[in-house]
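Spelled out, the chains give:
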Amino acid sequence: MVKLTIVGRVKDGLPLAQGHRYVTDDHGYFGFYKQQAELVLEEIARGALKSAKMTIHVNHHCFHYLVEDGVCFIVLCESSYPRKLAFHYLQDLHTEFDKFDKRILDKITRPYSFVKFDGVIGNIRKRYIDTRTQANLSKLNAHRKKDVDIVTMHVSEIARIRARSLEILESRIAMNAPVSPIWGSSRMEAIVMTWTPIALIVSVATIVIWASVNLTESFVV
């Protein structure tokens, strides 16, 4: 069963639309799965997940995603739901999404504000509720020998990839950071180069004068 759908923009990872919730939220499951879907979208936008199609296992469910024309379509299904049907569902979403004016879509700045597509998601989802309809059985049986293997991953692997990337980023920042924002500046370097010789001369002159005064007093005594 199709339980959660998110459509997002790849270039910045902004979620544009979502279908109605079909996940029981008695224990906060909807929020958890939605957060995981947004994490997948962020990793696709960041370039960490390079496959145009992928299945991601999480608990007893699967995320399936499809990237087409700079847009990512993500669906959450039960593990028992046929993967082939899930990708037919995503392809139908892409076909309908492609009918909208791209100039309008590029101007969207707030998450989930493309509410016009929410209704489209709901209508397409109805076709895929029952996997035993004639239309869905035909999709499952068509081109069986031409089915292409799709990359499969567990959501924990994505979390590890993200953590590793953050560690690398933090280490690079630490290596490139100056010892101090003041002492590492070019202005401070110029001041030091200018005044250090003068300070040395003044110090030496002060020592000489002090020594000569002390010697004179010693002789007078």
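Let me sum up the structure you'll find in this document.

About the criteria used
- Residues numbered from 1 in each chain as written.
- Predicted model: local features only at pLDDT ≥ 70, side-chain atom pairs only at ≥ 80, totals over all residues.
- Heavy atoms only, no water.
- Pairing = 2+ DSSP bridges.
- Helix = DSSP H or I, 4+ residues; strand = E, 2+ residues; numbered from the N terminus.
- Axes fitted to C-alpha atoms, helices over the stretch in contact; angles between N-to-C directions.
- Contact = heavy atoms within 4.5 Å.
- Core = buried A, V, L, I, M, F, W, Y, C linked by side-chain atoms within 4.5 Å.
- Buried < 20%, exposed > 50% of the residue type's maximum accessible area, 1.4 Å probe, protein only.
- Left-handed = near helix turned anticlockwise from the far one by under 90°.
- Nonpolar A, V, L, I, M, F, W, Y, C, P; charged D, E, K, R; others polar.

**As for the sheet that holds strand S6 (residues 151-154)**
Sheet architecture is open: 6 strands sit in the order S2-S1-S5-S4-S3-S6, paired in mixed fashion. If you trace the sheet from one side to the other, it starts and ends with strand S2 (15-18) and S6, each paired once. For this sheet the average axis-to-axis angle between neighbouring strands, irrespective of direction, equals 20°. The sheet contact formed by strand S1 (residues 2-9) and S2 spans 3 bridges and is antiparallel. Residue Ile6 lies in a different strand from S2, and its bridge partner there is Gln18. Along the sheet, helix H1 (residues 29-46) makes contact with S1, S2, strand S3 (53-58), strand S4 (61-68) and strand S5 (71-78), crossing S1 at roughly 35°. The strands that helix H4 (residues 116-127) touches are S1 and S2; relative to S2, the one it contacts most, it runs at about 45°.

**Description of the nonpolar core**
As a rule of thumb, nonpolar side chains are buried together in soluble globular proteins. Ranked by internal contacts, the top residues of the largest apolar core, which has 28 residues, are Val7, Tyr89, Leu90, Leu93, Phe97, Phe114 and Phe117. Elements supplying a minimum of two residues to this core: S1, S2, S5, helix H2 (83-97) and H4. Ranked by residues supplied to this core, first place goes to H2 with 7 residues.

**Considerations on unusual backbone geometry**
Of note, the phi angle at Asn59 is positive, near 55°, even though the residue is not glycine. In this structure, Asn59 sits in the loop between S3 and S4. Unlike most non-glycine residues, Tyr112 shows phi in positive territory, near 60°. By secondary structure assignment, the location of Tyr112 is in the loop between helix H3 (102-106) and H4. The class of Tyr112 is buried, set by a relative accessible area of 15%.

**Section: the packing of H2 against H4**
The contact between H2 and H4 brings their axes to 10 Å, and the two run at 145°. Helix-helix and strand crossings are classified by hand; for H2 and H4 the assignment is right-handed. Each of Tyr89, Asp92, Leu93, Glu96 and Phe97 in H2 lies in contact with H4, whose residues at this interface are Phe117, Val120, Ile121, Ile124, Arg125 and Arg127. Its residues assigned to classes, the contact of H2 with H4 comprises 7 nonpolar, no polar and 4 charged.

The quantities given are spatial measurements derived from coordinates; they are silent on function.
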